[in-house]
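# Residue-level structure breakdown
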Amino acid sequence: MNFGRGPSVVLNVGGTRYSFSREVLKDFPLRRVSRLHGCLSEQDVLEVCDDYDRERNEYFFDRHSEAFGFIMLYVRHGHLRFVPHMCELSFYNEMIYWGLEGSHLDYCCQRRLDDRMSETCTYYAAEEPPGAEGGKWLERMRRTFEEPTSSVAAQVLATVSILFVIVSMVVLCASTLPEWRAPENRSVEEQSRYTAESVREPSGIIEAICIGWFTAECIVRFIVSKNKCEFVRRPLNIIDLLAITPYYISVLMTVFTGENSQLQRAGVTLRVLRMMRIFWVIKLARHFIGLQTLGLTLKRCYREMVMLLVFICVAMAIFSALSQLLENGLDLGTKNKDYASIPAACWWVIISMTTVGYGDMCPITVPGRILGGICVVSGIVLLALPITFIYHSFVQCYHELKFRSARYSRSLSAEFLN
């Protein structure tokens, strides 16, 4: 070290003092601290730290002292973990300041950091302030369509969208009533004329209006989006396409089939496509925090969900094989035909493990009933194991979305006051 006096230097980080020899600083694991060894003047020192005391050879850093304490544990022992009750992103900023990277964290903390950074990019990237006036207009339009609580116009737009979803669902449910389904029993020629004229009926008109609204909304949101590729990849936008596309496909099929002999087969396809309108219910996730919380929880807890499915599959393989053997394979004088194969026994295992118990099949031998009791108890235990992780993630997601909604509500209140 070419600047300062004395055999040792003192680092003062947030009021906590650390003393080192000059030679230690040369190869210090923290890049910012090791830069002090090559400082030639006081100006060079002040580019590295916030202040410097020449008399005591003490360097001051206005940083989080507790975070630096955990970083020093990494210097001494080689393990870097997050500070309890400290935001992961704040601690990551401290790491960047001292010259560390995310790869220096232990694996469990790396996973937490990745999850938090993905959440931040997903939910707060749209809050970056635009530069130009045109960018402000696009940002306002984007928030109007993406954030129902961001302004009065956004709330009105969200209310209208919810009303269209409700109306379309009521029409979809009513169309399955026997009185509405009577025209489907007509002949091929009559059904051809019916499908061609259905658009002019009240239900067809309502359906066309709803589809027109959803199509216009989707097109405008696509136009004002920042990243078009990212827009297409979003789950809610994919659901919008799945809900809108079947209508246009059914219209094209009706136009091109006409009175073709394969109209009956096409009619089945049309009914399947029209039933896909049930996806419109998921559009409510844009306007209700509860559905958003559910989707975000499933996204964050996919590892726990996979673990739960693995537990169930392993238990199904074991109990279905044993139940088929005890009920049908040992030839003890009583054969239960419901357990004729392992795939058939899998159905009994899954409804027993989930404690549904339809009663359509049940063991009749004593060993089979004992196995059934073990299967039920094992199902309760296996299903309960990952639930705690999923529950805590659900609560965290709910609070984060509530905080985000409250921030937009404050901006909405300011708009009313203005």
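Thresholds, definitions, all that
Residues numbered from 1 in each chain as written. Predicted model: local features only at pLDDT ≥ 70, side-chain atom pairs only at ≥ 80, totals over all residues. Heavy atoms only, no water. Helix = DSSP H or I, 4+ residues; strand = E, 2+ residues; numbered from the N terminus. Buried < 20%, exposed > 50% of the residue type's maximum accessible area, 1.4 Å probe, protein only. Areas by Shrake-Rupley, 256 points an atom, 1.4 Å probe, with all protein chains shown as cover. 1 Å grid on protein atoms, 1.4 Å probe; cavity = no way out; pocket = protein on both sides within 12 Å on 5 of 7 lines; lining within 4 Å. Points joined across faces, edges and corners; volume = space filled by probe spheres on them. Nonpolar A, V, L, I, M, F, W, Y, C, P; charged D, E, K, R; others polar. Pairing = 2+ DSSP bridges. Axes fitted to C-alpha atoms, helices over the stretch in contact; angles between N-to-C directions. Contact = heavy atoms within 4.5 Å. Expected span 1.5 Å × (residues − 1). Arc of directions from axis to C-beta. pLDDT = per-residue confidence, 0-100. Salt bridge = Lys/Arg side-chain N within 4 Å of Asp/Glu carboxyl O.

### Quick notes on the overall build of the protein chain
Secondary structure summary: the protein chain contains 19 helices and 4 strands in total. Counting over 418 residues, the protein chain shows a buried share of 37%. Per element, the accessible surface of the protein chain, about 24,200 Å² overall, is 63% carbon and sulfur.

### Topic: empty space enclosed by the protein
Inspection of every chain in the model, using the stated rule, returns 1 cavity of 30 Å³ or more. Estimated volume of the largest cavity: approximately 40 Å³. If you go around the largest cavity, the residues you meet are T144, F145, P148, A154, L157, A158, E217 and H287. Sorting the residues of the lining of the largest cavity by element identifies α7 (133–146) and α8 (152–174) as the ones contributing at least two each. Tallying contributions element by element places α8 first for the lining of the largest cavity, with 3 residues. Across the lining of the largest cavity, the residue classes tally to 5 nonpolar, 2 polar and 1 charged.

### Quick look at unusual backbone geometry
Even without being a glycine, N57 presents a positive backbone phi close to 55 degrees. Relative to the helices and strands, N57 is located in the loop between β3 (51–53) and β4 (58–61). In the Ramachandran plot, T355 falls in the positive-phi region, its phi being about 55 degrees despite a non-glycine side chain. Relative to the helices and strands, T355 resides in the loop between α17 (342–353) and α18 (366–384).

### Some words on the sheet that holds strand β1 (residues 8–13)
Strand order in the open sheet formed by 4 strands is β2-β1-β4-β3, with mixed pairing between adjacent strands. Looking along the sheet, the strands with just one partner apiece sit at the ends: β2 (16–21) and β3. With direction set aside, neighbouring strand axes in the sheet form an average angle of 20 degrees. Summarising the sheet, β3 and β4 pair through 3 bridges and their orientation is antiparallel. Bridge pairing links D53 to E58 in β4.

### Quick word on the side chain of D240
Following the sequence through the fold, D240 ends up in helix α13 (residues 235–257). Apart from the residues lying within four places of it in its own chain, the contact partners of D240 are R221, K283 and R286.

### Notes on helix α15 (residues 289–300)
Here α15 contains 12 residues, and its C-alpha end-to-end distance of 16 Å stays within 8% of the 16 Å for a straight helix at 1.5 Å per residue. Among the residues of α15, those classed as buried are T293, L296, T297 and R300. Down the axis of α15, the smallest arc covering the buried residues is 105 degrees, so these residues share one side.

### Some words on the pairing of β4
Bridging between β1 and β4 involves 4 bridges; their strand directions are parallel. From the neighbouring strand, N12 faces β4, where its bridge partner is F60. The hairpin turn running from β3 into β4, its antiparallel successor, is 4 residues long, and N57 in that turn takes a positive phi close to 55 degrees.

### As for the confidence of the model for the protein chain
Residues of the protein chain with pLDDT of at least 70 account for 80%, and the chain-wide mean is 77. Within the protein chain, no element has a lower average pLDDT than helix α10 (residues 188–197), which sits at 47, and none a higher one than α17, at 91. The model gives residues 122–133 a pLDDT under 50, and that stretch makes 20 contacts with residues more than four places away or in other chains. Ignoring residues within four places in sequence, the model shows residues 184–192, a span with pLDDT below 50, making 12 contacts including any to other chains.

### A closer look at the environment of Y358
Following the sequence through the fold, Y358 ends up in the loop between α17 and α18. We classify Y358 as exposed; its relative accessible area is 57%. Along the backbone, Y358 and W348 are 10 residues apart, and their C-alpha atoms lie at a distance of 8.9 Å. Excluding anything up to four places from it in sequence, Y358 contacts W347 and I351.

### Considerations on the pattern of salt bridges
Tallied over the entire structure, the rule returns 9 salt bridges. One salt bridge in this structure joins E42 and R54, with 3.5 Å as the shortest N-O distance. Pair noted here: E42 is in helix α3 (residues 42–48) and R54 is in the loop between β3 and β4, with a separation of 12 residues, a long-range link. Its relative accessible area of 35% is what places E42 among the partly exposed residues. Its salt-bridge partner being R81, residue D106 comes within 3.2 Å of it at the nearest N-O pair. Of the two residues, D106 sits in the loop between α5 (88–98) and α6 (107–124) while R81 sits in the loop between α4 (65–77) and α5, which places them 25 residues apart along the sequence.

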